[in-house]
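Here is how the chains run, residue by residue.
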Amino acid sequence: MQDSVTAENPAKPSPTPLPPPPGESKGKPLYASLWFQVLVAMVLAVVIGHFSPARAVAMKPLGDAFIRLISMVITLIIFCTVVSGIAGMEDMRKIGRVGGKALLYFEVISTLALVVGLVVGNLVQTGRGFNADPATLNAREVAAYAGQAKAQNLTDFLMHIIPTTVVDAFAKGDILEVLFVALLFGFAMSALGPRCRPLLDVVDALTQAVFKVVAIVMKFAPIGAFGAMAFTVGKYGIASLGPLAKLIVTFYITSILFVLVVMGGVARVAGFGIIKFLIYIKEEILLVLATSSSETALPTLMEKMERLGCSKSLVGLVVPTGYTFNTDGTSIYMTLAALFVAQATNTHLTLLQQLTILGVAILTSKGASGVQGAAFIALVGTLMVIPGIPVAGMALILGIDRFMSMFRALVNMVGNGVATLVIARWENELDRKTLQRNLA
């Protein structure tokens, strides 16, 4: 990795500072900060969920409405930022280089996360002593997920990327398909050059309008966080964590250590501290924890990456791609949970079977980021490849999946932020002075 950065190269001007994103606390009293409002909402939600579960469950529409508000503009954000990012580079070789580096980084880190989950699962043995009888488990609860999941081979995965029509990709809200369409449009506009300048101006204007919509929607983030967290605690209850506490605690600790040690080491090489970065994105962290979805933080995360000194074109290409291909939290969960189900049902797995789970999970984990429950569906599809593991065993962790998804989504989101800074530094598209000033 080169040590030179744009701030040290007089030939490259520093990026124009962006205005503070929604919820930025600079110059505002504490009570007006988004992170403080979301935190207070989460605390109130836990209290109501514990003491008045029925009333808390009724708050679910508040969380669902907020997530839908964000989701309705996600596809537009991804399309506009990817098209603008690629067309703005005006260098096909650079686009290929940045995309290649990003995919290489995503694959290495997410595969490492899968291996970490596999190793921890074997060492801690979270399901040992559970002695669950698959015949007594409620397989019907898992059947709905099994119907949506199927073991994908490489051909299935590649075919899924291509939408039936361009409009269909946006109608279904499939991030992977929208990303594919955006890449094609971006490459086409980049190849046409000046002739597409008017169209690029329209895309840039649409991007600004969409982010203004996000700024309006984010004012309701505390209400959405309250509704989502209240439902989680009221529906499942803190007491429901007891029987599976070992799995939950193991997953939480593994996720935290992965962020601090693995991502922290990568961040240190890239020239920034992981703790300062986590403090910088505290609003996004709280929002993801409350809603159990990394999608809710995507728009503001992109804004903050630009304000840290990353070029707009690189952010527009790396962040949306990372939301599909860089699923570190999901990866840890999938191998750890797969071993838990096997151990809990006293199913012995050979080394070859564990490596098979690892190989299949490399494929099925892609595209599981952002959407609640997608990782659970992907795990069901993975276990279907190993006939010896009873898929009905997934019923054991279905009740706690919401609590697991909090950290899955969180690690996915943090991983995308770190990845963007790393690729920007790798490409000399990072203003070091701007980075240090904002993290300070």
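The rules behind these values
- Residues numbered from 1 in each chain as written.
- Predicted model: local features only at pLDDT ≥ 70, side-chain atom pairs only at ≥ 80, totals over all residues.
- Heavy atoms only, no water.
- Helix = DSSP H or I, 4+ residues; strand = E, 2+ residues; numbered from the N terminus.
- Buried < 20%, exposed > 50% of the residue type's maximum accessible area, 1.4 Å probe, protein only.
- Contact = heavy atoms within 4.5 Å.
- Areas by Shrake-Rupley, 256 points an atom, 1.4 Å probe, with all protein chains shown as cover.
- Axes fitted to C-alpha atoms, helices over the stretch in contact; angles between N-to-C directions.
- Parallel < 35°, antiparallel > 145°, perpendicular 65-115°, else oblique.
- Left-handed = near helix turned anticlockwise from the far one by under 90°.
- Nonpolar A, V, L, I, M, F, W, Y, C, P; charged D, E, K, R; others polar.

### Brief notes about the overall build of the protein chain
Okay, step 1: Counting secondary structure elements, the protein chain contains 21 helices and zero strands.
Okay, step 2: Scored against the burial criterion, the 440 residues of the protein chain give a buried share of 56%.
Okay, step 3: Of the contacts formed within the protein chain by residues at least 6 apart in sequence, a portion of 85% connects residues at least 24 apart.
Okay, step 4: In the structure as shown, the protein chain presents an accessible area of about 18400 Å², 67% of it carried by carbon and sulfur atoms.

### A few points about the packing of helix α16 (residues 328-344) against helix α18 (residues 374-383)
Okay, step 1: Taken N-terminus to C-terminus, the directions of α16 and α18 make an angle of 50°; their axes are 10 Å apart at the nearest point. When the axis of α16 is compared with that of α18, the two are oblique. Note that α16 runs across α18; the crossing there is right-handed. Along its contact with α16, which presents T330, Y333, M334, A337, A338 and V341, the element α18 presents A375, F376, A378, L379, T382 and L383.
Okay, step 2: Looking at the contact of α16 with α18 residue by residue, the classes come out as ten nonpolar, two polar and no charged.

### Some remarks on the packing of helix α4 (residues 92-124) against helix α20 (residues 401-426)
Okay, step 1: One can describe the packing of α4 onto α20 by two numbers: an axis separation of 10 Å at closest approach and a directional angle of 135°. The pairing of α4 with α20 is recorded here as oblique in orientation. Every pair of crossing elements has a handedness; the one defined by α4 and α20 is right-handed. Two secondary-structure elements touch here, α4 through V98, K101, A102, L104, Y105 and F106 and α20 through V418, A419, V422, I423 and W426.

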